[in-house]
Amino acid sequence: MNNSKNIYLLHLAALTMVKNKRYAPPSARESSETKEATRAPGQGLSQRVERAQQHGDGGRVHANTQYSQQGARGGGRYQDPIPHQPSNDPAKYQAHGCYGRGGPRQRGTPRPYHDGRRSGSGGRGVPTTTSVTLPELHQAPQVHHQVPVVTPSPPETGSSSLHVEVNTGQVQLQFQQLAIPDQSSSIQGMQLAPPSSKSGRFPMRPGKGTSGSRCIVKANHFSAELPDKDLHQYDVSISPDVPLHGVNRAVIGELVTLYRQSHLGGRLPAYDGRKSLYTAGPLPFTTRTFEIVLQDEEDRIGGAQVAQRYAILDIFVTCYSVCSLLIYLPVVRREKHFMVVIKFAARADLHHLAMFLAGKLPDAPQDAIQVLDIVLRELPTARYSPVARSFYSPNLGTRQQLGDGLESWRGFYQSIRPTQMGLSLNIDMSSTAFIEPLPVIDFVAQLLNRNVSIRPLSDADRVKIKKALRGVKVEVTHRGNMRRKYRIFGLTSQAARELTFPIDDHGTMKTVILYFQETYGFNIQHTTLPCLQVGNPQKPNYLPMEVCKIVEGQRYSKRLNDKQITALLKVTCQRPQQRELDILQTVNHNAYHEDPYAQEFGIRIDERLALVEARVLPPPRLKYHDSGREKDVLPRIGQWNMRNKKMVNGGRVNDWICINFSRNVPDSAATSFCRQLAEMCQISGMDFSIDPLFPPLTTRPENVERALRSRYQDAMNALKPLGRQLDLLIVVLPDNNGSLYGNIKRICETDLGLASQCCLTKHVYKRSPQYFANVALKINVKVGGRNTVLVDALSRRIPLVSDRPTIIFGADVSHPHPGEDSSPSIAAVVASQDWPEVTKYAGLVSAQTRRQELIQDLFKVWQDPQRGTVTGGMVKELLISFRRSTGQKPQRIIFYRDGVSEGQFYQVLLYELDAIRKACASLEPNYQPPVTFVVVQKRHHTRLFANNHNDQRSVDGKSGNILPGTVVDSKICHPTEFDFYLCSHAGIQGTSRPAHYHVLWDENKFTADGLQTLTNNLCYTYARCTRSVSVVPPAYYAHLAAFRARFYMEPDTSDGGSVASGVTTSRGPTGARRAAGNVAVKPLPDLKENVKRVMFYC
């Protein structure tokens, strides 16, 4: 034992030799060690020991300490709100000590050593070494923080809650400005009267609906009892600021552990991970400052690792066991000091929330709802991986591989909502993609679907790898138990065998391969692969792929490919009974009655699904052409077929051609396929020529542009002398066609002005009659026909639609997928062009600022050199198109707006309703038809289940879902506003998701039955199939049009995504405009006039 003590003393002597030794500036490489690291044992001892203290990170000085919530430990110190005196000493680098959870300590007070242990610390420590000034170190120095004087603020100063409250007076004024003016006033100077005495709120529910057969359904909402506690909000300031919620939570968690009983009055606060802390009752102070110390347990270095890494005294390794080294050599940890200021901000008024739930107040007190939501999220956040409002864990279900290095994790969604039954907790099952925790080499092999050792990477391979790995966190595996973590930001352009870096200030270079061999004794096998660039992009560090493993628990946020989407849908597809059971099991597993935060705040959750009154609306009768054997049809369970029926208005296709891009389809097969399709179009009621203008042309996909233009020109040369036009192009595509489909649509719709129908190779050989019938439906509307109309529309029996010319709009904004950094958002607006049928919809598209939800080109004004001030925009153009088609101007507008979240309701309504008003006023003075503005929401988590799964009167026997037409406007809906859930479709697979319709503006004064019936009936007029659909067709069509417009953008050759592209295809300026951040948004190519008039997006 004496020998061991002597060794330890020798080690202490070595540590003291760091005094007055200075570091050379670290180079941009994986380590900052100099070539002295390769000297024989015993040489440069003090420098290597000094580096041993520094390098707790796999061999480099790291600029920013990374913290793990799971691995964060430490102590803290409470401080009264009195500022520190500023230190006169320069910032000095202190050797890291190890302070356990032993409690508060006075800062700057050294503790005596007793046989290598700090008295009172309960843990191992290292001796204090003399501080040395290291200004060139790229590491944050440990300095004393000067705490500012914080004076208590009275409650009247307000709250810094994350929820942005709407200025009620301003909103009321804006609402008044949107109301229909007196028709005698001018458009420019109109005095706007409010539609009701409460003009700053959305329309009240006009009573509940009564149509349809009544039934009881279960909803995945769980009643939450409103607490009677006094809720307080406190602002939290943590310095230094770390933009990682995990670190913030670790800091506050440590604070609560240390000071809950002594300084927090025994309160268990809920923390939102950012700037706010909530308590059930006041804390015993108004403002207080705490000092918290966190230790990063990922950075521990065992003594044997220090000796192996830095060759400290070779005699240690040769004379004594590794075990003795583990005992006597220190653990090097990094600690971080945080100053936490907690300051009273506001009280959350639960009385106002109770009044709102009772329907006695117009506006929901969002701050109180937010507090309760944060409280119920506190425990799941600590247990699982939070993603938005969902929580995931590999332990909540079986992991499923999705391919290309991804796997699915199961989880659950949770949100507390105000409803007619009071507060309810919405719980639903969820799944999402995570990156598999694989060695990077294996991940790359899966991504490329090949052995990466066989041949070098191509440029395309490198781009694919870089896209997939950018932002991914990895840990090193070549250091034994020392698993430092890094985030990848790129790949080296050179292979590992070619990559060198400077190891000193004299420009001495060393290869990565030699460095790893000499420093770690690790031989790199995959020398032809590039290295990962990690850490700071300004001073990158290089890590070979084979020494890195992907850290578990990283959600994959980029776009999934088709194969991965299919695999994920298989995982998430659950029949209603199974989903209901899983939801109940999740609620039971969460055990809200045992949740310490729920208990602290007095929140009680009912563990039973809510029973809700519902109604099943009857399906509408559909009209077909009188020449068919069946002139109309009454759908059953949301579906019907075209057998014995003919389209109510068949389109005409006299001249058409076919181009075959599939090498697996011979000319004879393409010819016979096209003939069968033409025959089905005739049978369905179209005037369709059986023979094409020319025999099918077979060509290669890479010749798409030349083939389309050449064949189109040949056709026009033949038809133009006859005064005819080419009506249709039929295209046969390979099953895997990449960008070919998009290129065809772009060329046909923005250049040639030609309707096209693409068909996959697999259908050429299957030749299913049902497939031919569905394709015939699509072709008919693309050439201007109608498939079916509502009988009630023809007989003028649709309330608030049939009595006067009515135009129905649908609008949606499609945002770029994650990873498409430069792509714009695409807005699309469609509008009905026939009345009273309301079946045909013309569409316009517009590119706008990325992630902008407001549709910027609904109405616009610009200066023309010749005409002066000119107005235009999508609404104005579609209103003009309606008048040209029907001979009448719309006297009523119904606007279905898709894709708006609740937090954007006011903003979208105020902006877009104003644009509609201005578009109408620009057509003629005093033209202001009444508007009903309805938001359609599909991305919600409310699910409806049959109360009795064996009751065939209320259940679809095939899928187990509720029947199409099921509508709910009670209990789980808004306490006072006009909204409803409508399941208008028959679920085929999985559990049906009802659409949620919320009325934000209603000058047409719809009744509940009127709007619910109209919306449900329109869902049976969708042109592409003989089924009712889940979303009202105008909103569905707008979604399709926005998706189609992405094909019109020029392809980008870089690895950053598609290029920005832009302005509307409607009439207006065509030059590029400036978006946010002064980034030019280039115009989209204009749709051809004949394309705009038909349903090209179907």
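Being a predicted model, the structure only gives us computed values, none of them experimental. (Residues numbered from 1 in each chain as written. Predicted model: local features only at pLDDT ≥ 70, side-chain atom pairs only at ≥ 80, totals over all residues. Heavy atoms only, no water.)

S.K.: Teacher, can you tell me more about the overall build of the protein here?
M.R.: Of regular secondary structure, the protein possesses 26 helices and 47 strands. The long-range fraction of contacts in the protein, counting pairs at least 24 apart against all pairs at least 6 apart in sequence, stands at 74%. For the protein, the exposed area adds up to about 46600 Å²; of that, 49% sits on carbon and sulfur atoms. (Helix = DSSP H or I, 4+ residues; strand = E, 2+ residues; numbered from the N terminus. Contact = heavy atoms within 4.5 Å. Areas by Shrake-Rupley, 256 points an atom, 1.4 Å probe, with all protein chains shown as cover.)

S.K.: What's the story with the packing of helix α17 (residues 704-719) against helix α18 (residues 740-752) in this structure? I'm lost.
M.R.: Helix packing for two helices is described by the angle between their axes and how far apart those axes are. The contact between α17 and α18 brings their axes to 10 Å, and the two run at 40°. One finds that α17 runs oblique with respect to α18. Seen along the crossing, α17 lies across α18 with a hand that is right-handed. Contacts from Val-704, Glu-705, Leu-708, Arg-709 and Tyr-712 in α17 reach Leu-740, Asn-743, Ile-744, Arg-746, Ile-747, Asp-751 and Leu-752 in α18. Broken down by class, the residue content of the contact of α17 with α18 amounts to 7 nonpolar, 1 polar and 4 charged. (Axes fitted to C-alpha atoms, helices over the stretch in contact; angles between N-to-C directions. Parallel < 35°, antiparallel > 145°, perpendicular 65-115°, else oblique. Left-handed = near helix turned anticlockwise from the far one by under 90°. Nonpolar A, V, L, I, M, F, W, Y, C, P; charged D, E, K, R; others polar.)

S.K.: Mind showing me how you'd approach the packing of aromatic side chains here?
M.R.: Evaluated as defined, the whole model comprises 28 aromatic pairs. Arranged with centres 5.8 Å apart and planes meeting at 50°, the rings of Trp-656 and Phe-688 form a pair that is tilted. Of this pair, Trp-656 sits in strand β29 (residues 656-660) while Phe-688 sits in strand β30 (residues 687-688), and the two are 32 residues apart along the sequence. We classify Phe-688 as buried; its relative accessible area is 2%. Residues Tyr-1037 and Tyr-1097 carry aromatic rings whose centres are separated by 5.5 Å and whose planes lie at 45° to one another, so their mutual orientation is tilted. A residue pair is termed long-range when its members are at least 10 positions apart, and Tyr-1037 in helix α25 (residues 1033-1045) and Tyr-1097 in the segment after α26 (1089-1092) qualify at 60 residues. Classification of Tyr-1037 by relative accessible area gives buried; the value is 0%. Each member of the aromatic cluster is reached from another via a ring pair, and the members are Tyr-841, Tyr-1022, Tyr-1036, Tyr-1037, Phe-1096 and Tyr-1097. A cation over a ring is seen here: Arg-484 above Tyr-486, with NZ or CZ 6.0 Å from the ring centre. Over the ring of Trp-862 we find Lys-860, and its NZ or CZ is 5.8 Å from the ring centre. (Phe/Tyr/Trp six-rings, centres within 6.5 Å; stacked < 30°, edge-to-face > 60°. Buried < 20%, exposed > 50% of the residue type's maximum accessible area, 1.4 Å probe, protein only. Lys NZ or Arg CZ within 6 Å of the ring centre and 35° of its normal.)

S.K.: Which parts of the structure should I look at to understand the state of the cysteines?
M.R.: Structurally, a disulfide amounts to a covalent bond that connects the sulfur atoms of two cysteines. Applying the stated criterion across every chain, the model contains 0 disulfides. Counting only cysteine sulfurs, Cys-759 is the nearest neighbor of Cys-681, a cysteine outside any disulfide, at a range of 9.7 Å. (Disulfide = S-S within 2.5 Å.)

S.K.: Can you walk me through the nonpolar core in this structure?
M.R.: Within soluble globular proteins, side chains that are nonpolar generally end up buried alongside one another. Counting 87 residues, the largest nonpolar core has Trp-656, Phe-688, Tyr-896, Tyr-997, Tyr-1037 and Tyr-1097 as its most contacted members. Those residues in contact with Trp-656, other than ones at most four positions away along the chain, are Cys-674, Ala-678, Phe-688, Ser-689, Ile-690, Asp-691, Pro-692, Leu-693, Phe-694, Leu-726, Leu-728 and Ile-730. The next biggest cluster of nonpolar side chains, apart from the first, holds 59 residues, and it includes Leu-231, Tyr-259, Val-340 and Leu-425. (Core = buried A, V, L, I, M, F, W, Y, C linked by side-chain atoms within 4.5 Å.)

S.K.: What am I meant to see in the side chain of Glu-378 here?
M.R.: Mapped onto the fold, Glu-378 is located in helix α9 (residues 366-383). With a relative accessible area of 12%, Glu-378 lands in the buried category. At 2.9 Å, the side chain of Glu-378 and the backbone nitrogen of Tyr-271 are in polar contact. (Polar contact = N/O pair within 3.5 Å; in protein donor to acceptor, adjacent residues only side chain to side chain.)

S.K.: I would appreciate a short explanation of the pattern of salt bridges in the present structure.
M.R.: Note on pairing: side chains with opposite charge can pair once their charged atoms come close. Counted by the stated rule, this structure contains 46 salt bridges. The salt bridge involving Glu-407 is made with Arg-399; its shortest N-O contact spans 2.9 Å. We classify Glu-407 as buried; its relative accessible area is 5%. Owing to a relative accessible area of 31%, Arg-399 belongs among the partly exposed residues under this scheme. Of the charged contacts in the structure, one is a salt bridge between Arg-675 and Asp-691, with a shortest N-O distance of 2.9 Å. Of this pair, Arg-675 sits in helix α16 (residues 667-683) while Asp-691 sits in the loop between β30 and β31 (697-698), placing them 16 residues apart in sequence. Residue classification places Arg-675 among the partly exposed residues on the basis of a relative accessible area of 40%. (Salt bridge = Lys/Arg side-chain N within 4 Å of Asp/Glu carboxyl O.)

S.K.: For this particular structure, what's the right way to read α18?
M.R.: Given 3.6 residues per helical turn, the α-helix brings residues three or four places apart onto the same face. Within α18, 10 of the 13 residues are buried, which leaves the element mostly enclosed by the surrounding structure. Of the positions making up α18, those classed as buried are Leu-740, Gly-742, Ile-744, Lys-745, Arg-746, Ile-747, Cys-748, Glu-749, Thr-750 and Leu-752. Buried residues in α18 make contact with α17, β32 (728-733), β33 (756-760), α20 (769-782), α25 and α26. Downstream of α18 by a residue or two, Gly-753 has a phi angle that is positive, lying close to 70°.

S.K.: When you look at the sheet that holds strand β23 (residues 548-550) in this model, what are you seeing that I'm missing?
M.R.: Strands pair in a sheet through their backbones, by hydrogen bonds, and they do so in one of two ways: parallel or antiparallel. Read across the open sheet, the 5 strands follow the order β22-β21-β18-β17-β23; overall the sheet is antiparallel. Whereas interior strands pair on both sides, the edge strands pair on one side only; in this sheet they are β22 (539-544) and β23. Averaged over all pairs of adjacent strands, the angle between strand axes in this sheet comes to 50°, irrespective of strand direction. As paired strands, strand β17 (residues 473-476) and strand β18 (residues 485-495) are joined by 3 bridges and run antiparallel to one another. Its bridge partner being in β18, Val-474 is matched across the sheet by Tyr-486. Each of β17, β21 (530-536) and β23 is contacted by helix α10 (residues 440-448), which is oriented at about 65° to β23, the strand it contacts most. (Pairing = 2+ DSSP bridges.)

S.K.: Any chance you could explain the pairing of strand β9 (residues 276-280) here in plain terms?
M.R.: The two faces of the sheet receive side chains in turn, since in a regular strand these alternate between them. Of all 5 residues that make up β9, 5 are buried, and the element is covered over most of its length. Across the two faces of β9 the burial is the same, with Ser-276, Tyr-278 and Ala-280 and Leu-277 and Thr-279 all buried. Relative to β9, strand β7 (residues 231-239) is paired through 5 bridges, and the arrangement is antiparallel. By the bridge assignment, Tyr-234 is partnered in β9 with Leu-277. As paired strands, strand β8 (residues 270-271) and β9 are joined by 2 bridges and run antiparallel to one another. Note that in β9 the partner of Tyr-271 across the bridge is Leu-277. Taking the residues between adjacent antiparallel strands as the criterion, β8 and β9 are bridged by 4 residues, where Gly-273 takes a positive phi near 85°.

S.K.: What should I look at first to understand the pairing of strand β36 (residues 825-832) in this one?
M.R.: The element β36 is extensively covered by neighbouring structure, given that 8 of its 8 residues are classed as buried. The two faces of β36 match: Ser-825, Ala-827, Val-829 and Ala-831 on one face and Ile-826, Ala-828, Val-830 and Ser-832 on the other face are all buried. Examined bridge by bridge, β36 and strand β37 (residues 841-848) share 8 bridges and lie antiparallel to one another. If you follow Ala-827 over to β37, its bridge partner there is Ser-846.

S.K.: I would appreciate a short explanation of the sheet that holds strand β44 (residues 979-983) in the present structure.
M.R.: Reading across from one edge, β37-β36-β35-β40-β41-β45-β44-β43-β25-β5-β42 is the order of the 11 strands in this open sheet, with mixed pairing throughout. Strand pairing shows two members of the sheet lacking a second neighbour, β37 and β42 (944-946), which therefore form its edges. Mean inter-strand twist for the sheet, computed between neighbouring axes without regard to direction, equals 30°. Judged from the 7 bridges that link them, strand β5 (residues 213-219) and strand β25 (residues 610-616) form a sheet pairing that is antiparallel. Within the sheet, the bridge partner assigned to Ala-219 lies in β25 and is Ala-610. The sheet contacts of α25 involve β35 (806-814), β36, β37, β40 (892-898) and β41 (931-937), and relative to β35 the element is tilted by about 45°.

Worth remembering: the numbers are spatial, not functional.
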